[in-house]
Every structure is written in C-alpha cells, then in structure tokens.
Amino acid sequence: MTSKPAVLVTGGAGYIGGHVVLALREAGYPVVVLDDLSAGHRAAVPGDVPFVEGDIGDIGAVGEVIADHRIAVVVHLAASASVPESVRDPLRYYRNNTGASANLIRACVEGGVRRFVFSSTAAVYGVPATIPVPEDAPKVPINPYGRSKLAIEWMLRDAAAAHGLRYVALRYFNVAGADPQGRAGQSGRGAGHLIKVACAAAAGRRDHVTVFGADYETADGTCVRDYIHVSDLAEAHVAALRDLEEGGGGRVLNCGYGRGFSVREVLETVRAVAGVPFEVREGPRRAGDPPVLIADASRIRAALRWSPRHDDLEFIVRTALSWERKLADADGVAGRRDRSSAR
Ligand SMILES: NC(=O)c1ccc[n+]([C@@H]2O[C@H](COP(=O)([O-])OP(=O)(O)OC[C@H]3O[C@@H](n4cnc5c(N)ncnc54)[C@H](O)[C@@H]3O)[C@@H](O)[C@H]2O)c1
C-alpha cells in the first residue's frame, strides 16, 4: 500500500477546518494544523494531530512547518470570514486574506509543495445574473471579503502558470450543520451564519434572531441561499486531494447542492426541528448581501466524482441544533462553576 502524503490544513482549528481534519484523517492522510487561533479553538483539533500556532503570513514559520513535517499538500482554509466585518474593516481582510495568502503560496513554492486546495467562496460572484450560478459567470464581488478571496484565486492561477503549482479552488456556498457524530461543530460566538444563529436561539444561547431585509425581490422577501452540510463539504476536500494525486489541477468548483432556501424557510425548519419558539426580529438589509445565491453544482460532481450525502435541510438543522445544545450544556456547567466560585 502506498502511504498518503502529509497535508497541512491552515485554519484547521476553525469551524470548517475542524471537519476537514476529521475527513482527511478518516481517508488516511497524515494531517498537521496551522492556525493562529484568532477565531479558532485549540480544542477543535484532535489531541493526536500535530498543531502549530502561527500565522499563515509568516513565510519563515510556514517554511519550517513544511520542512519539519514533509508537507506535500496544503489545504488552505485560514481566513477572516465575515462579510459585515469586511465592510467595516476592509484593509484587515486584504491583509489577512489576500496578503497573508500570497506569503503562504510563496512559502509553498519555495518549500516544494506543488498541490494546493483553497477555500474560496460564492461571494466572488456578487449578485449573479444567472441562477443557479455556474463557475464561469462574471466575478463581480460586492464586498471586500469576496474581493479579498477572488484575488487569491488569481494568485493561484498565476502561481500555477509560473511555478507548476496544481490547485483546486472550492467556492463554498452557505456552509452549515455539524459533524453527525457530534465530534465537531461551529463554536465561535461571533459567527453570524443564519442556521447557527437560529439554532443558538432555539437552544437558549441567544435571545433572538434578526432577519436582515424582508423586502428583497424573492418569493417571501427574504434572501435565498444554497446551504451545504459541512461534512459533505469536508468530503469534497478529500475528493480534491485525490484529484490532485491523479494529476488534476487548475480547477475552480462550486460547492453547493444546487437548490435554495429563504431565511423564513430556514427559520421555520429550525422551529419545527427544535420544537420550541424563539423570537424573530426584522431588521434592515445588510450591506454586501446579494438576494439569491444558488450554485450550479454540476461541475464538481463530474470533476471530482463527489456526491453529497446530506442534502436535506432538516438533517443540516438537526446536526447544528444538537451541537448548539451541547454548547448550551457546557455554558450551563461553566455558569454554575463561575457562580459557585464567586460565592
Ligand atoms: N462558513 C461559510 O459559510 C464559508 C463560506 C464560504 C467560504 N468560507 C471560507 O472557509 C474558510 C473557513 O471558514 P470558517 O467558517 O471555518 O471560519 P472560522 O473562522 O471558523 O475558521 C477560520 C480559521 O482560520 C484561522 N485564521 C484566520 N486567520 C489566520 C491567519 N492569518 N493565520 C492562521 N490562522 C488564521 C482562525 O483562527 C480560524 O480557526 C475561510 O477561508 C472562509 O473564507 C466559509
């Protein structure tokens, strides 16, 4: 049996990275995680996975990790990933996403890494003229986050031409849910994703959910998104690695299911699955939110022989909710501990 190449997962202490680490390990890859813990959690990385706390923009540190662990492939998820925050603080996004990724890619080229998988985003499309949106649709991002990620796709294309780097860029649509076995989930309190927020409200960890805009030109006035289960997405990374091992490269692929749900439909599903009411408030539109984003999801199925297992909104919500209830239990324990030590 041939042994699998060592994989460096940047951002592996984050939400999606944590699931990617689980999937890669299950597929037999030795994994190393590099994360600066700016948004991730050390506890999200399994204890027996080598963990390096550091910045992807630090060329020297990344070079050392590549050499020390004989890294052959990089799966690059580390980024600042909030659209509203990118509107408020754009230069941080150009530094931490675009600038730091330029350094990471350079460290790969200099360190002999020739295979690269990149977490891109549906935000590169902006407000697409065609729904579902195919990969070759115009890329006109409408927020700094999308622009900061699109520039990384361009850098990869240029590094591929100049340095023989082979890459797969995965454009994630709306990632949601949690590991069905309860080993991982989305922990960041600041995370603003709808399913996470609604499940947090249903689990009593938030007092309400805000609907940002109910006057869009959609069937019920709220935004429509293509929600993909995080474990299916993690499997797409395994498929991308297999493709690169077989000589593939230069691929840019949408990661979604090819169907959409409105904000109201999602909230209704969370209510039904949770069996408890929670408060919903209506607020104004948020800057940088397109009305409808649905993937044309045909290319990835053909290119990577990937097929999803969890294309079911109720299942996505159920896994997200059980993770949120677990966090609520932990909050309760911590709260009781704090109260008793204050006495
Ligand atoms: N969540 C989504 O729906 C979604 C959609 C499209 C694309 N993405 C992309 O997926 C990736 C992962 O997103 P997520 O939702 O898991 O977010 P996350 O914040 O949970 O994970 C990002 C991780 O990267 C780390 N990080 C950030 N900057 C770093 C740096 N300079 N050096 C080292 N580590 C750094 C953070 O500590 C965190 O652990 C991001 O690249 C994001 O742009 C996410």
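Residues numbered from 1 in each chain as written. Predicted model: local features only at pLDDT ≥ 70, side-chain atom pairs only at ≥ 80, totals over all residues. Heavy atoms only, no water.

Participant: What's the story with the site of the ligand in this structure? I'm lost.
Facilitator: Around the ligand lies a shell of 28 residues, among which Asp 35, Leu 77, Asn 96, Tyr 145 and Lys 149 are the nearest. The separation between a nitrogen atom of the ligand and a polar main-chain atom of Asp 36 is 3.1 Å. In the environment of the ligand, an oxygen atom lies 2.8 Å from a nitrogen or oxygen atom belonging to the backbone of Leu 77. The fraction of the free accessible surface of the ligand (830 Å²) that becomes covered by protein chains is 94%. Counting only elements with at least two residues in the shell around the ligand, the list comes to α1 (15-26), β5 (115-121) and α5 (144-163). Examining the composition of the shell around the ligand, we find that three residues originate from one element, β5, more than from any other. For the shell around the ligand, the class distribution of residues is 14 nonpolar, ten polar and four charged. (Near = heavy atom within 4 Å. Polar contact = N/O pair within 3.5 Å; in protein donor to acceptor, adjacent residues only side chain to side chain. Areas by Shrake-Rupley, 256 points an atom, 1.4 Å probe, with all protein chains shown as cover. Helix = DSSP H or I, 4+ residues; strand = E, 2+ residues; numbered from the N terminus. Nonpolar A, V, L, I, M, F, W, Y, C, P; charged D, E, K, R; others polar.)

Participant: I tried to follow the side chain of Arg 171 on my own but got confused; where do I start?
Facilitator: With respect to the element layout, Arg 171 can be found in strand β6 (residues 166-172). Side-chain polar atoms of Arg 171 contact the side chain of Tyr 125, separated by 2.8 Å. Side-chain polar atoms of Arg 171 contact the side chain of Glu 153, separated by 2.7 Å. Residue contacts for Arg 171: discarding those within four places in its chain leaves Ser 120, Thr 121, Ala 122, Val 124, Tyr 125, Glu 135, Lys 139, Glu 153, Val 252, Leu 253, Asn 254 and Cys 255. (Contact = heavy atoms within 4.5 Å.)

Participant: Any chance you could explain the sheet that holds strand β12 (residues 261-262) here in plain terms?
Facilitator: Strand-to-strand pairing in sheets goes through backbone hydrogen bonds, with the strands running parallel or antiparallel. If you trace the three strands from one edge of the open sheet to the other, you get β12-β9-β14, paired in mixed fashion. With one partner strand each, in any of the chains shown, β12 and β14 (292-293) form the two edges of the open sheet. For strand β9 (residues 224-225) and β12, the ladder comprises two bridges, and the chain directions are antiparallel. Its bridge partner being in β12, Val 224 is matched across the sheet by Ser 262. (Pairing = 2+ DSSP bridges.)

Participant: Is there a simple way to explain the sheet that holds strand β2 (residues 31-35) in this structure?
Facilitator: What the seven strands build is an open sheet, ordered β3-β2-β1-β4-β5-β6-β11; its pairing is parallel. Only two strands of the sheet have a single neighbouring strand rather than two, namely β3 (51-53) and β11 (251-255). In this sheet, neighbouring strand axes are inclined to one another by 20° on average, regardless of whether the strands run parallel or antiparallel. Along the sheet, α5 contacts β5, β6 and β11; its crossing angle with β5, the most-contacted strand, is approximately 155°. (Axes fitted to C-alpha atoms, helices over the stretch in contact; angles between N-to-C directions.)

Participant: What is the right way to look at the pattern of salt bridges in this model?
Facilitator: Pairs can form between side chains of opposite charge once their charged atoms are near each other. Tallied over the full model, the rule gives 19 salt bridges. Between Lys 196 and Glu 324 there is a salt bridge; the shortest N-O distance is 3.2 Å. In this pair, Lys 196 sits in helix α6 (residues 194-202) while Glu 324 sits in helix α10 (residues 313-342), placing the two residues 128 residues apart along the sequence. Overall, Glu 324 belongs to the buried group, its relative accessible area being 2%. Between Arg 205 and Glu 324 there is a salt bridge, with the nearest N and O atoms lying 2.6 Å from each other. Note that Arg 205 is positioned in the loop between α6 and β8 (208-212) and Glu 324 in helix α10, a separation of 119 residues in sequence. Glu 324 shares its class with Arg 205; the two are buried. (Salt bridge = Lys/Arg side-chain N within 4 Å of Asp/Glu carboxyl O. Buried < 20%, exposed > 50% of the residue type's maximum accessible area, 1.4 Å probe, protein only.)

Participant: How do you make sense of the pairing of β11 when you look at a structure like this?
Facilitator: Moving residue by residue along a regular strand, the side chains alternate between the two faces of the sheet. Buried residues dominate β11, accounting for four of its five residues. Where β6 lies against β11, five bridges are found, and the strand directions are parallel. Across the sheet, the residue bridging to Ala 169 is Val 252, located in β11.

Participant: Which parts of the structure should I look at to understand α6?
Facilitator: Residue pairs three or four apart in sequence face the same way in an α-helix, which turns once every 3.6 residues. Of all nine residues making up α6, nine are buried, and the element is well covered by its neighbours. Of all the positions in α6, only Leu 194, Ile 195, Lys 196, Val 197, Ala 198, Cys 199, Ala 200, Ala 201 and Ala 202 are classed as buried. Two residues or fewer past α6, Gly 204 is found with a positive phi of approximately 80°.

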